[in-house]
Amino acid sequence: MEYVLVKRDKGSKPINDVNLDENFDIIIKKLNPFSFKFKGLIANIYWWLISKKSWIIYVREKESKKIASFSYVLGKSYKFPFMEKGELQIGPSFTYPEFRRKGLFKSSIQFILKKFEADGFEMIGIARPENLSSLNCLYGLGFTKKSRCWKNKVKIYSLLKDE
């Protein structure tokens, strides 16, 4: 399956504000071996060991406490062999249908950029080419297309050469 690899330009304007609707809040959790949904403790511990720099960011509706949206932030692992030291990958991300069109994806990305760029990380993202709303949001936040990539059957990504 083909994807678009985007990277936030080093010269992009820093994110100072997160434009989040007052009815929502953002929660960040560091992933641990029990966060993953693999069958078996050994698989979970293995995944955690090779990707220690991993978090999940939730956007939650304050009143109902329902999760409206989430985004993973993942460090280099065997799944993304092309990542460089100091890079973090945003995604996968998902917003539940009843919460779409409220700017929650953009707010969560702003939060991620503000937090992790301040810690010195560079951010990349991977999106399906037909997911124009996600790509346009990322482009609007200073990301540019760097390459196309491919996810094989065992979910390992590789870069494709543009012709």
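For the structure, see preceding data.
Predicted, not measured: the structure shown is a model, and the values here were computed from it.

J.: Please clarify how the pattern of salt bridges should be interpreted in this entry.
T.: The tally for this structure, following the rule as stated, stands at 10 salt bridges. Ionic pairing is found between E2 and R148, a salt bridge with its closest N-O pair at 3.2 Å. One end of the pair, E2, is in strand β1 (residues 2-8); the other, R148, is in strand β7 (residues 143-151), and 146 residues separate them in sequence. On the accessibility criterion, E2 (29% relative accessible area) is partly exposed. Across the salt bridge formed by D25 and R60, the nearest N and O atoms sit 3.0 Å from each other. Taken together, the positions of D25 in strand β2 (residues 24-30) and R60 in strand β3 (residues 54-61) put the pair 35 residues apart, joining distant regions of the chain. The network of salt bridges with common partners includes K7, K10, E87 and E122.

J.: Any chance you could explain the sheet that holds strand β6 (residues 122-127) here in plain terms?
T.: Backbone hydrogen bonds hold the strands of a sheet together, and the pairing may be parallel or antiparallel. With mixed pairing, the eight strands of this open sheet are ordered in space as β2-β3-β4-β5-β6-β1-β7-β8. On the outer flanks of this sheet lie β2 and β8 (157-160), each paired with one strand and no other. In this sheet, neighbouring strand axes are inclined to one another by 30° on average, regardless of whether the strands run parallel or antiparallel. Relative to β8, β7 runs antiparallel, the two being bridged by four bridges. In the sheet register, K151 faces β8, and the bridge partner there is Y157. Helix α3 (residues 132-140) rests against β1, β6 and β7 of the sheet, and its axis sits at about 15° to β1.

Conventions we followed
- Residues numbered from 1 in each chain as written.
- Predicted model: local features only at pLDDT ≥ 70, side-chain atom pairs only at ≥ 80, totals over all residues.
- Heavy atoms only, no water.
- Salt bridge = Lys/Arg side-chain N within 4 Å of Asp/Glu carboxyl O.
- Helix = DSSP H or I, 4+ residues; strand = E, 2+ residues; numbered from the N terminus.
- Buried < 20%, exposed > 50% of the residue type's maximum accessible area, 1.4 Å probe, protein only.
- Pairing = 2+ DSSP bridges.
- Axes fitted to C-alpha atoms, helices over the stretch in contact; angles between N-to-C directions.
- Contact = heavy atoms within 4.5 Å.

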